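Below, each chain spelled out in residue letters.
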Amino acid sequence: HFLWTSETDGFNHIYLYNMNGTLENQITKGDWEVTNFYGLDEKNGLIYYQAAEASPLERQIYSISLKGKKKELLTRQSGTNRAQFSSTFDYFVNNHSTINSPASYVVRDNQGKTVRVIENNATLAKVQEAYDVNPVEFFQFETSEKVQLNGWMIKPTNFNPNRQYPVFM
């Protein structure tokens, strides 16, 4: 057998094929994208991958069986989660960040439980706070063609909603 990612159903998902090229099973399904395939733990029959299942603005790490059952969410922090797995898939380094916070690096076991914090970048977060960095705000808007799009904005320091400001797009 071999694993293949494809947009056959309109979204990027993981598929299991036999060596003759016949589809055996669509492993992941839904109106969302698999954004990174990390590998197969052959011993336990589990696939590890990153997906934008909760939102196109987020990335989470998951495991799932070769039969497409027993899907487990391994990361729970909103934002972007990336993983680097050990060769045995017993552990992974979770790189987590958001647009408003610096990256953190945590070792997790293959169930998502924290084993050790490598770097939380608390000092950098304090620097951002000291410089009064305004947070990025996400929003949705609808085009004239009734299409929903995601957007973001950074408001000026001491923003006054009653005042007009130039817009950079």
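To be clear, the structure that these remarks concern was listed above.
In this text, all values refer to a predicted model and were calculated from it rather than measured experimentally.

A.B. asks: Which parts of the structure should I look at to understand the sheet that holds strand S8 (residues 80-85)?
C.D. replies: Sheet strands pair by backbone hydrogen bonding; their relative direction is either parallel or antiparallel. If you walk across this open sheet you meet the 4 strands as S8-S9-S10-S11, and the pairing is antiparallel. Looking at which strands have only one partner, the edges of the open sheet turn out to be S8 and strand S11 (114-119). On average, each strand axis in the sheet is inclined to that of its neighbour by 25 degrees, with strand direction left out of account. Where S8 meets strand S9 (residues 91-98), 6 bridges bridge the pair, whose relative direction is antiparallel. Note on S9: the bridge partner recorded for Phe85 is Phe92.

A.B. asks: Would you take a moment to explain the pattern of salt bridges for this structure?
C.D. replies: Two side chains of opposite charge can pair, provided their charged atoms sit close to one another. Under the definition given, this model contains 3 salt bridges. Notably, a salt bridge pairs Glu53 with Lys71, separated by 2.9 Å at the nearest N-O pair. Remark: Lys71 occurs in the loop between strand S6 (60-65) and strand S7 (72-73) and Glu53 occurs in the loop between strand S5 (46-51) and S6; sequence separation between them is 18 residues. Here Glu137 and Lys155 are joined by a salt bridge, their closest N and O atoms 3.4 Å apart. With Glu137 in strand S12 (residues 136-142) and Lys155 in the segment after strand S13 (148-154), this residue pair connects regions lying 18 residues apart in the sequence.

Reading the values: the criteria
- Residues numbered from 1 in each chain as written.
- Predicted model: local features only at pLDDT ≥ 70, side-chain atom pairs only at ≥ 80, totals over all residues.
- Heavy atoms only, no water.
- Pairing = 2+ DSSP bridges.
- Helix = DSSP H or I, 4+ residues; strand = E, 2+ residues; numbered from the N terminus.
- Axes fitted to C-alpha atoms, helices over the stretch in contact; angles between N-to-C directions.
- Salt bridge = Lys/Arg side-chain N within 4 Å of Asp/Glu carboxyl O.

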